[in-house]
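Letter by letter, the chains look like this.
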Amino acid sequence: MGLVHGEEMVLNIGPQHPATHGVLRLQVRTDGEVVSQITPYMGYLHRCFEKHCENVTYEQVIPYTDRCDYLSSMSMNFGYVVAMERLMDIKVNERVEHIRVVMAELQRIASHLLCTGVFGLDLGAFTPFLWALRDRERILDLFEFTCGARLLYNYMWVGGLSHDIPVGFVESTFEFLDYFEPKIDELENILAHNKILVERSADIGVMPKDIAISYGVTGPNLRASGVKWDLRKNDSYSIYDRFEFDIPIGEGKKGTVGDCWDRFYVRILEMRESVKIIRQALASMPKDGDVHQSLPKKIRPPKGSVYARTETPRGDLGYYIESDGSPIPYRLKMRSPAFTALSVMDEIAAGWLLSDVLAILGSLDIVLGEIDR
Amino acid sequence: MVKFFTDIYTATSTILGGMIITINHLFTAKRGIATLQYPEERWPRPERDIGFDHGSYNVIRSRLHVDMDDCIGCLKCERACPVNCIKIETSKAPERGEDIKDVKHIGITSNDSRKAMVVTRFDIDMTECCYCNLCTYPCPEECIFMTGGPNSKKHPIDYEFSEPDRSDLIYRFAKPGTKEGMEKLLNDDNKVEA
């Protein structure tokens, strides 16, 4: 069935459209309701992160990394401290490693909860969004219990943590996990298999394997396209190699492999895997150990450079740090996972209807703070 | 034809399934569990009892406060701040007089260290503060902290400190003791305004 081409119209979605996350402008070229070209314009949240880092000391970079991906600050801190510890050759003790893994996985659940909830919201399902935020709130309470902050933590430090977990944290985390596991099933039942959502997302915005790889898309978006690639397993950092968990990949249950529904469903499966990891990490966490044990007095790394990558809820986060031996980084470059996810937008969303573009954008789970930096 | 009816079946069954979950939730949810009427009721803060001597720890992010009686003017918090919102100026403690020349301090802090510097200016601009808590860790006298932390009895948590005027959020902790200090402060104020 051929389309009758009419006059093309250029439409701006954003910069402050309520359906987009963060502040992003999508310039959409439409023919009727069919989108023929999408050009993302970003930079509305640009804060000169990389240049700013060349003016502050290494420990002062950590609050800035918080603000890049404000929905998964713990993971951003984690990537930075892994890079710095590799550069300075610091080995942290077991307790610190376990606490870091627990925090990063809790953060992954919180981030995926928001993503799945907002994806439903974009497609008109309001109830699951509120339920997802209600559960996310409990994770934020745990973080507040630990470090006083709910969103921007500055918790992981180079060579340790800012402070130890409070007494009762392990118990309340177990309590949360027991509460949360049935809630994942509930979220899945009300949202994932719902016919309306399936119709809106299955077979829509298909990202084949080769396009995902050639654009450098990582994280859940890549796994939804059927590539089994997770840095926690494939290039293991910290102590992730000790835990048993699966890497969920998109199987095209409701449509084609790599469609919006797969990208959404992989995140629900990943929450289950994160719960597994947290349970194992909490069970094997050593009771004693000073979190300040290997904290360097002055962070003055030797001359040289390092590139370290970690798996955030959105994909590969890479930090390239060039040090000239002074307490201030000579150059700090961040490889952002959401940036590559946004770059594939034009490739996979062209040819779909305007309302599908918002579904595709929601399924990519981008955070503009990280894209603009 | 079969697909048509299976589609209708899945659509009605999944939507009804979702409806059942929602209706169950309606009856089982306790009232007032998710939302609070904010100004009247508040979320309980997490317990401050973190189980160990938390003199040097601070697990709250709220308004910064400085106990000026304990400040020795070491400038460590100023250097730690990533956004430069702390501004400190110091001058040497005056000699007390002809007869007691060796006493070059203005008092003793609660940690028994001599205050060798007079802090003529200690300004914290809370509009710029990023609540990273980095300034509280290096303080040797533990006199800069976020309210509600270790000194919560003396300083209860205070996260509601909005002001009608932005300049009211610049907290000036130093008391201008000398005439020169007062003049300096006033001159600085004029500079800021200009």
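Details of the structure are given in the entry above.
Given the structure is predicted, the values throughout are model-derived calculations rather than measurements. (Residues numbered from 1 in each chain as written. Chains lettered and ligands numbered in written order. Predicted model: local features only at pLDDT ≥ 70, side-chain atom pairs only at ≥ 80, totals over all residues.)

K.L.:
How do you make sense of the packing of helix H2 (residues 58-66) of chain A against helix H3 (residues 73-88) of chain A when you look at a structure like this?
P.N.:
Residues and elements named next belong to chain A. Look at H2 against H3: their axes get within 8 Å of each other, and the N-to-C directions meet at 150 degrees. On the basis of their axis angle, the class for H2 and H3 is roughly antiparallel. Between H2 and H3 lies a crossing of right-handed hand. Counting all contacts with H2, which are made through Tyr58, Val61, Ile62, Thr65 and Asp66, the residues of H3 involved are Ser73, Met76, Asn77, Tyr80 and Met84. Of the residues in the contact of H2 with H3, the class split is 6 nonpolar, 3 polar and 1 charged. (Axes fitted to C-alpha atoms, helices over the stretch in contact; angles between N-to-C directions. Helix = DSSP H or I, 4+ residues; strand = E, 2+ residues; numbered from the N terminus. Parallel < 35°, antiparallel > 145°, perpendicular 65-115°, else oblique. Left-handed = near helix turned anticlockwise from the far one by under 90°. Contact = placed C-beta atoms within 7 Å. Nonpolar A, V, L, I, M, F, W, Y, C, P; charged D, E, K, R; others polar.)

K.L.:
Teacher, can you tell me more about the sheet that holds strand E6 (residues 304-312) of chain A here?
P.N.:
Working definition: the strands of a sheet are paired by backbone hydrogen bonds and lie parallel or antiparallel to each other. Residue and element names in this part refer to chain A. In space, the 3 strands of this open sheet follow the order E6-E7-E8, with antiparallel pairing throughout. Edge positions in the sheet fall to E6 and strand E8 (331-335), since each of these pairs with one other strand and no more. On average, each strand axis in the sheet is tilted by 10 degrees relative to the strand beside it, whichever way the strands run. Inspection of the sheet shows E6 paired to strand E7 (residues 315-323) by 9 bridges, in the antiparallel sense. For Ser305, the partnering residue across the bridge sits in E7 and is Glu322. The strands touched by H3 are E6 and E7; relative to E6, the strand with the most contacts, the crossing angle is about 150 degrees. (Pairing = 2+ DSSP bridges.)

K.L.:
Explanation requested: unusual backbone geometry in the structure shown.
P.N.:
Residue and element names in this part refer to chain B. The phi dihedral of Asn84 falls on the positive side, at around 55 degrees, and the residue is not glycine. Within the fold, Asn84 resides in the loop between helix H2 (76-80) and strand E2 (86-92). In this structure Asn84 comes out as exposed when scored by C-beta crowding, with 11 C-beta atoms within 10 Å. Of note in this structure, Asn133 is not a glycine but carries a positive phi near 75 degrees. (Buried ≥ 20, exposed ≤ 12 C-beta atoms within 10 Å, placed from the backbone.)

K.L.:
Explanation requested: the environment of Val257(A) in the structure shown.
P.N.:
All names here are of chain A. Mapping Val257 onto the fold places it in the loop between helix H10 (231-234) and helix H11 (260-283). Residue classification places Val257 among the partly exposed positions, given that 18 C-beta atoms sit within 10 Å. For the pair Val257 and Ser225, spaced 32 residues apart in the sequence, the C-alpha separation amounts to 5.7 Å. Residues contacting Val257, with those up to four places away along its chain left out, are Ser225, Gly226, Gly250, Glu251, Gly252 and Asp262.

K.L.:
Where do I start with the sheet that holds strand E1 (residues 8-13) of chain A in this structure?
P.N.:
Residue and element names in this part refer to chain A. One open sheet holds the 3 strands; their spatial order is E1-E2-E3, and the pairing between them is antiparallel. Each edge of the open sheet is held by one strand with a lone partner, namely E1 and strand E3 (34-41). Neighbouring strand axes in the sheet, compared pairwise and without regard to direction, differ in orientation by 20 degrees on average. Pairing analysis gives 6 bridges linking E1 to strand E2 (residues 25-31), with the strands arranged antiparallel. Residue pairing across strands places Asn12 opposite Gln27, the latter belonging to E2.

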